[in-house]
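The lines below spell out each chain.
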Number of protein chains: 6
Amino acid sequence: MDGRSWDEPRKVDIVPGYQAFAEGSALIEMGMTRVLCAATVEERVPPFLRGEGVGWVTAEYSMLPRSTNVRTPRESGTGQVRGRSLEIQRLVGRCLRAVTDRSALGERTVLLDCDVLQADGGTRTAAITGAYVALYQAFLVLVRNRLLNEVPLDSAVAAMSVGVVGGKTLLDLSYEEDARAQVDFNVAMTDNGKLVEIQGAAEGAPFSRETVPEIISLASVGMEPLFRAQREAIQSITGRA
Amino acid sequence: MDGRSWDEPRKVDIVPGYQAFAEGSALIEMGMTRVLCAATVEERVPPFLRGEGVGWVTAEYSMLPRSTNVRTPRESGTGQVRGRSLEIQRLVGRCLRAVTDRSALGERTVLLDCDVLQADGGTRTAAITGAYVALYQAFLVLVRNRLLNEVPLDSAVAAMSVGVVGGKTLLDLSYEEDARAQVDFNVAMTDNGKLVEIQGAAEGAPFSRETVPEIISLASVGMEPLFRAQREAIQSITGRA
Amino acid sequence: MDGRSWDEPRKVDIVPGYQAFAEGSALIEMGMTRVLCAATVEERVPPFLRGEGVGWVTAEYSMLPRSTNVRTPRESGTGQVRGRSLEIQRLVGRCLRAVTDRSALGERTVLLDCDVLQADGGTRTAAITGAYVALYQAFLVLVRNRLLNEVPLDSAVAAMSVGVVGGKTLLDLSYEEDARAQVDFNVAMTDNGKLVEIQGAAEGAPFSRETVPEIISLASVGMEPLFRAQREAIQSITGRA
Amino acid sequence: MDGRSWDEPRKVDIVPGYQAFAEGSALIEMGMTRVLCAATVEERVPPFLRGEGVGWVTAEYSMLPRSTNVRTPRESGTGQVRGRSLEIQRLVGRCLRAVTDRSALGERTVLLDCDVLQADGGTRTAAITGAYVALYQAFLVLVRNRLLNEVPLDSAVAAMSVGVVGGKTLLDLSYEEDARAQVDFNVAMTDNGKLVEIQGAAEGAPFSRETVPEIISLASVGMEPLFRAQREAIQSITGRA
Amino acid sequence: MDGRSWDEPRKVDIVPGYQAFAEGSALIEMGMTRVLCAATVEERVPPFLRGEGVGWVTAEYSMLPRSTNVRTPRESGTGQVRGRSLEIQRLVGRCLRAVTDRSALGERTVLLDCDVLQADGGTRTAAITGAYVALYQAFLVLVRNRLLNEVPLDSAVAAMSVGVVGGKTLLDLSYEEDARAQVDFNVAMTDNGKLVEIQGAAEGAPFSRETVPEIISLASVGMEPLFRAQREAIQSITGRA
Amino acid sequence: MDGRSWDEPRKVDIVPGYQAFAEGSALIEMGMTRVLCAATVEERVPPFLRGEGVGWVTAEYSMLPRSTNVRTPRESGTGQVRGRSLEIQRLVGRCLRAVTDRSALGERTVLLDCDVLQADGGTRTAAITGAYVALYQAFLVLVRNRLLNEVPLDSAVAAMSVGVVGGKTLLDLSYEEDARAQVDFNVAMTDNGKLVEIQGAAEGAPFSRETVPEIISLASVGMEPLFRAQREAIQSITGRA
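Residues numbered from 1 in each chain as written. Chains lettered and ligands numbered in written order. Predicted model: local features only at pLDDT ≥ 70, side-chain atom pairs only at ≥ 80, totals over all residues. Heavy atoms only, no water.

Undergrad: Describe the overall build of chain A, with residues and values.
TA: Summing up its helical and strand segments, chain A has six helices and nine strands in all. Overall, the C-alpha framework of chain A stretches about 55 × 45 × 35 Å when taken along its three principal axes. The burial tally for chain A puts 64% of its 241 residues in the buried class. Approximately 9100 Å² of chain A is accessible, and the part contributed by carbon and sulfur atoms is 48%. (Helix = DSSP H or I, 4+ residues; strand = E, 2+ residues; numbered from the N terminus. Buried < 20%, exposed > 50% of the residue type's maximum accessible area, 1.4 Å probe, protein only. Areas by Shrake-Rupley, 256 points an atom, 1.4 Å probe, with all protein chains shown as cover.)

Written out as structure tokens, the structure is:
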């Protein structure tokens, strides 16, 4: 639709350290989608983990009102975080926890704030991909302050959307493509090719189970530029450190 | 753990029409899990569908405080529907919409209330499976009242959980099994073998992509008794009608 | 209206232990009204009782959305428990406290959840009557666990509605009768004939003070089957214990 | 306790028209209890009455934070009207509706705001007694504006508390007396001796049913000064009009 | 408009000790505006001041629903304190803090509740002026109880509105005047002529900076009767003590 | 503190059109403070203006959680917009309304969203200054779409903070300077030297009225670079148009 081939992700760019007062942060752009991710370290864990000796990683997700074409009212007006936001922030939290060595982290929490400045599809996958860089930077601060021996991450994690639009499988849907998709998948994987999360839904009619492995393969290939951008962003921080 | 083999679902039982004042209802039991599903028909659609000539199917999900081993406080105390509840009710709504012929339904909404009376794992899959029966019964009422020519459902839909526990793939996890699962999948399918929704998450370590088709196959076989129980429940209503 | 004589209560049935994960529970049916009551024991008391050496008994009341003929929206959507629900749960709490030996209970709280599965009038009186059985069962658990020497209840408590409909005094109103009542009383009594609570309101015109003793007498006689059903339910538990 | 005999109510004083901008208002003092009542007329009815040709009377009740000895936090902080406030405002609304000729009122609502400036027991009974004067004044405004032919009130309504303290029946309890009561009644009656509402609760042990007629009689006698103060307040308005 | 000259404030009256159960209180009337102020002393400070050895003074502001010509709904219904109320209560708190010797106060908080019984313009300035008297009385209680050596107030504080209406500068605007003002100032000063707070806003067109000193002078002169009323109110308390 | 002279504002930079999907937007940076402003045009006015033939301009203000050194929890979690946010958004709305020709605008609303990405003092003044550019751009869109003949703005508006720190008057306080200020002013002016809003508060001790004209003069001079940056930003848009 926008000149890309069906298996070509949008251009990705990650600016680490965008928010100077946060322990870690990253501004990720995928096409016109822009998500600002910040990591906050707290020296405590939620009640259900107290005394367990392991850490916690969680996330919050929100959209600025004019990130979208039609203004989205603020959630603060209602006291209700929208269902979609809650679903996304739970997903982001799970994905980052899956690659964190929570025993090595110790009784600490890292809270990842993912705020969408501009939304053109794929904000949840961008949030996962960007939050990984913010998390890495926050862990580096803990290492530099000798609170940790090394960055407690087993692998990188990134995510990509895949859809079936007009019968064709497409990688990394923009908003307009997503609105027309019959099947909509979000796939989160590690940089060594393992699955962290897979969510697929029939937007229109139910779909054949044969398409699932195909979708995973396409997502896997499309994630390569994301892992590369993460590595470059992290190198620019560690070079600076 | 409870004497079942790894590919054997728990005993399912569906009582249609449990709530006499609802257009459709069903009490579903899967092992010790009990979910009460009710269907309400409203002669209107949400604002974004007005004038489109198609209907809507949506869901709400909640747990009674003592459905669980430790009491879960009511959501009404906080004005916040919990993230987990929102995630589940969005899932239930999507699954039922995927099998509904929304054009045939016309500008009507069916709201499916899924209230968990007792929770021993698999409440979201039980909710999907039971809500289908409540929805069917509500559609029958519309047909009997000559508001519809026939039940606008393309196929039945049911759902099943599959997990990897201690390295082994298990069907239909109870609460105790679920708490120990490394990988947790929920699969919703139609009775003609198509996928409606698939959600899989690494609870512990990331998992191999090869396990996904295997999990779908296991879920597919395990859903057979659910489709059978749905058919029997519906026959008992239509026989009665 | 439904074939009963004016002084004849509806058929009552109490299933103790309906919710397997609660310390105590009972499903009570009075005619078409069905209320699920669960008792939760907490080893603490509200702030105003700390250090006083006495316990507390309190209640929460809610209706499932399709317990009623027209769907009642969930209270969780608004963050406001409805006035009627609050009024009822305060009533249930007071009635159960009045028969509990709070010194013998010690610094513990029992919270009674009363959830209406189906509402055909008299849900508050059914909640009081059923909650007594759930409370008894929870106390038995404390006795069995040697946390109490004996069940700290001075007497049984049950409740019954009485109304004046079309000039005639009627016992145990169904929803349809209640909607047409000019005067509406709820009376809670112990099984030794003492009053625990009496609430009477003119729905239409003010009423003569002479009717009050008459209403109390009618309620008192009508409560006998309730006390009997409570005793049978408790015997079936203690026989099991 | 404060020098009164057991059957002697506290000194009552009613200032009509205290809030100059309201259609009707009254500041009622009973001993140290002070409640400000205001009546607002709206030319509409709640949805459930639209097109029925009858009016509605309702109430809101709140306490100023320092009406009490220990500061009571504002309800606006939590978005939750407290259970006690809701219970009282429902009671006030019912009592005033019971003496209003709602057909003569027509499709209008009168909202009675009862705000407690100082609380020394009996705020709900003072609210009912004072709200009657505010309601009367508001109806007079409607009559003067030729929206009504005459004041649509069948009789006056007032209310009085009666308690059993240390085995003795006492009229019109102050806060300190109320805190020590074993049985606590609130009785609302018309000035022609009919009952509008009766609510009695065992605070400690259940009580004998023989006490009920005795309590009603005592309340009835104690209400005479209230009806007199209402009549004087209304005469001072009508004289002014 | 109401017969006053342009530099003449409305008649002020302060009744100290209006709420008998509060540590300090005052009912202030300025023309038809009536605000009830109460002071509550708490032996703790907000978290950000713990261990700092200094006290805190804060305020809450609210209007009774029928203080205004058209009823203002209660904030408790929405769980949202209105922006205007928050703005005013922050202003009142700042003004009283500015004249309090917070070191001499020690780790205590005084909370000033300002509740508007009747609103005819200038409720925020009346709240500041009346709250000073309530605060003084509460400090006297602490002195009498030997918790403080002397009243920890550096000077009195009062406030006055000034507006530009139809090109003319007017002191102490009533509601009707305020609604027509082009420029609206609120000035809070000490009784030794220093500024505590100044807020001026162009309601219509921007205004010349030369008007600012002129407005301050007018406010300063107009505040004299307020300081006099405060002194008299305080003398009547201290004489009583 | 940061090398600036006392009368030197921080470096300002305005990027117009930062949010591609909004009618108008601007990212303003003042030193390390970064505020993202977006303008949304709605073809309706609030209820109190319906049928008046004039438009409305309003604002919302919020901070991203990690805009600050210590994370600020989201307001959406509580359903309460914080007092400080409400105060600021009301200020921003008033300032922009004061320079808008609301008759020329017609019955439309422009809502200005001001979201703080990074906070180092002066976020409210930056919000006013940046919102002006977003508003201008939105008006240009209305002109281009022939809904307006010309941009309905009478003049530019910008704002600047001035404080007294350690006895010295300082322009444009950073967070650290602001935290140590004894007196804190925010001044909003038009580019033709008129005042739109002035707010000054004694943070510590009351201050002399002679300082006010001095503070206004300093603010006036310091605002020149802001007006220049606004003009350049607007030229870059109109050149593009």
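Undergrad: Account for the packing of helix α1 (residues 83–99) of chain E against helix α1 (residues 83–99) of chain F, with residues named and values stated.
TA: When two helices pack together, their arrangement is given by the angle between the helix axes and the distance between those axes. Between α1 of chain E and α1 of chain F, the shortest axis-to-axis distance is 9 Å and the interhelical angle comes to 110°. The orientation of α1 of chain E relative to α1 of chain F falls into the category roughly perpendicular. The segment α1 of chain E lies against α1 of chain F, with G83, R84, L86, E87, R90 and R94 of chain E engaging G83, R84, L86, E87, R90 and R94 of chain F. Residue composition of the contact of α1 of chain E with α1 of chain F, grouped by class: two nonpolar, two polar and eight charged. (Axes fitted to C-alpha atoms, helices over the stretch in contact; angles between N-to-C directions. Parallel < 35°, antiparallel > 145°, perpendicular 65-115°, else oblique. Contact = heavy atoms within 4.5 Å. Nonpolar A, V, L, I, M, F, W, Y, C, P; charged D, E, K, R; others polar.)

Undergrad: Report on the relation of the copies chain F and chain A, specifying residues and quantitative values.
TA: Relative to chain A, chain F is turned by 180° and slid 0.0 Å along the rotation axis, the superposed coordinates differing by an RMSD of 0.0 Å. Put plainly, the chains are arranged around a two-fold axis. Looking at chain F, 100% of its interface residues are interface residues in chain A too, so the copies touch through the same face. (Least-squares fit on C-alpha atoms with pLDDT ≥ 70 in both.)

Undergrad: Can you break down the environment of C114 of chain C residue by residue, with the values?
TA: Examined against the element boundaries, C114 of chain C turns out to sit in strand β5 (residues 109–118). Overall, the relative accessible area of 0% leaves C114 of chain C in the buried class. Apart from residues lying up to four places away in sequence, C114 of chain C is in contact with R74 of chain B together with V35, L36, C37, E60, Y61, S62, V92, A127 and A131 of chain C.

Undergrad: Let's hear about helix α5 (residues 211–222) of chain F: which residues, and what values?
TA: Think of an α-helix as 3.6 residues a turn; residues three or four steps apart then line up on the same face. Between its terminal C-alpha atoms α5 of chain F stretches 17 Å, which fits the 16 Å expected from 12 residues at 1.5 Å a residue. Within α5 of chain F, burial applies to V212, I215, I216, L218, A219, S220 and G222 of chain F. (Expected span 1.5 Å × (residues − 1).)

Undergrad: Describe the sheet that holds strand β9 (residues 195–202) of chain A, naming the residues involved and giving the relevant values.
TA: Strand order in this open sheet of eight strands is β7(A)-β6(A)-β8(A)-β9(A)-β9(B)-β8(B)-β6(B)-β7(B), and the pairing throughout is antiparallel. Pairing within the sheet leaves two strands with one partner each, and these edge strands are β7 (168–171) of chain A together with β7 (168–171) of chain B. Across the sheet, the mean angle from the axis of one strand to that of its neighbour is 15°, orientation sign disregarded. Across four bridges, the pairing between strand β6 (residues 157–165) of chain B and β7 of chain B is antiparallel. Of the residues in β7 of chain B, the one forming a bridge with G163 of chain B is L170 of chain B. (Pairing = 2+ DSSP bridges.)

Undergrad: How would you sum up the pattern of salt bridges? Please name residues and give values.
TA: Under the definition given, this model contains 87 salt bridges over all chains. Here E60 of chain B and R71 of chain C are joined by a salt bridge, their closest N and O atoms 3.1 Å apart. Of this pair, E60 of chain B sits in strand β4 (residues 56–63) while R71 of chain C sits in the loop between β4 (56–63) and α1 (83–99), placing the two residues on different chains. Of the residues examined, E60 of chain B reaches a relative accessible area of 22% and is grouped as partly exposed. (Salt bridge = Lys/Arg side-chain N within 4 Å of Asp/Glu carboxyl O.)

Undergrad: Residues and numbers for the arrangement of the chains, please.
TA: Regarding chain A and chain D, the two do not touch, and the least distance separating their C-alpha atoms is 10 Å. Regarding chain B and chain E, which are not in contact, the minimum distance between any of their C-alpha atoms is 10 Å.

Undergrad: How would you explain the interface of chain F and chain A if you had to name every residue and give the values?
TA: Note on interface size: it is often stated as the accessible area lost on association of the parts. Contacts between chain F and chain A engage 37 residues on the former and 37 residues on the latter. Of the roughly 3000 Å² buried at the junction of chain F and chain A (both faces included), carbon and sulfur atoms supply 50%. Its largest share of buried area at the contact with chain A, chain F owes to F21, R66 and R74 of chain F, together 28% of the area lost on that side. On the surface where chain F and chain A come into contact, there are 22 residue pairs in polar contact (both at pLDDT 80 or more). Contributions of two or more residues to the side of chain F that touches chain A are made by β3 (33–42), β4 (56–63) and β5 (109–118) of chain F. Element by element, the count of residues in the side of chain F that touches chain A is highest for β5 of chain F, at six residues. Its residues assigned to classes, the side of chain F that touches chain A comprises 16 nonpolar, 11 polar and 10 charged. (Buried area = accessible area lost by both parts, 1.4 Å probe. Polar contact = N/O pair within 3.5 Å; in protein donor to acceptor, adjacent residues only side chain to side chain.)

Undergrad: Which residues make up the confidence of the model for chain A, and what values do they have?
TA: For chain A, the mean per-residue pLDDT works out to 93, and 96% of the residues sit at or above 70. Per the prediction output, this complex has pTM 0.89; the corresponding ipTM is 0.92. (pLDDT = per-residue confidence, 0-100.)

Undergrad: If you had to explain the packing of aromatic side chains to someone new, which residues and values would you point to?
TA: Both the distance between ring centres and the angle between the ring planes are used here to describe each pair of aromatic rings. Within this structure, the stated rule accounts for 18 aromatic pairs over all chains. Summarising the aromatic geometry, the rings of F185 of chain C and F207 of chain C are spaced 5.7 Å apart at their centres and angled 75° between planes, so their arrangement reads as edge-to-face. Within this pair, whereas F185 of chain C is found in strand β8 (residues 181–190), its partner F207 of chain C is found in the loop between β9 (195–202) and α5 (211–222), the two being separated by 22 residues in sequence. An identical accessibility class is assigned to F185 of chain C and F207 of chain C; each is buried. Of note, R34 of chain C hangs over the ring of Y18 of chain B, and the distance from its end group to the ring centre comes to 4.3 Å. (Phe/Tyr/Trp six-rings, centres within 6.5 Å; stacked < 30°, edge-to-face > 60°. Lys NZ or Arg CZ within 6 Å of the ring centre and 35° of its normal.)

Undergrad: How would you summarise the side chain of S85 of chain A if you had to cite specific residues and measurements?
TA: All names here are of chain A. Position of S85 among the secondary structure elements: in helix α1 (residues 83–99). On the accessibility criterion, S85 (3% relative accessible area) is buried. Non-local contacts of S85, meaning those with residues more than four positions away in its chain, are made with Y61 and E75.

Undergrad: Can you lay out the side chain of E197 of chain B for me, pointing to particular residues and giving the numbers?
TA: Structurally, the position occupied by E197 of chain B is in strand β9 (residues 195–202). There is a polar contact of 3.2 Å between the side chain of E197 of chain B and the side chain of Q199 of chain B. In contact with E197 of chain B, other than residues within four places in its own chain, are G200 and A201 of chain A together with L91, R94, C95, N186, V187 and A188 of chain B.

Undergrad: Can you lay out the packing of α1 of chain E against helix α3 (residues 123–144) of chain E for me, pointing to particular residues and giving the numbers?
TA: Residues and elements named next belong to chain E. Between α1 and α3, whose axes approach to 10 Å, the crossing angle comes to 40°. The angle between α1 and α3 places the two elements in the oblique class. Handedness of the α1/α3 crossing: right-handed. The residues of α3 that touch α1, namely those facing R84, E87, I88, L91, V92, C95 and L96, are T123, R124, A127, I128, A131, Y132 and L135. Grouping the amino acids of the contact of α1 with α3 by side-chain chemistry returns 10 nonpolar, one polar and three charged. (Left-handed = near helix turned anticlockwise from the far one by under 90°.)

Undergrad: Provide a residue-level description of the state of the cysteines, including the pertinent values.
TA: Evaluation of the coordinates by the stated rule reveals zero disulfides over all chains. For C114 of chain D, which is in no disulfide, the shortest distance to another cysteine sulfur is to C37 of chain D and amounts to 4.2 Å. (Disulfide = S-S within 2.5 Å.)

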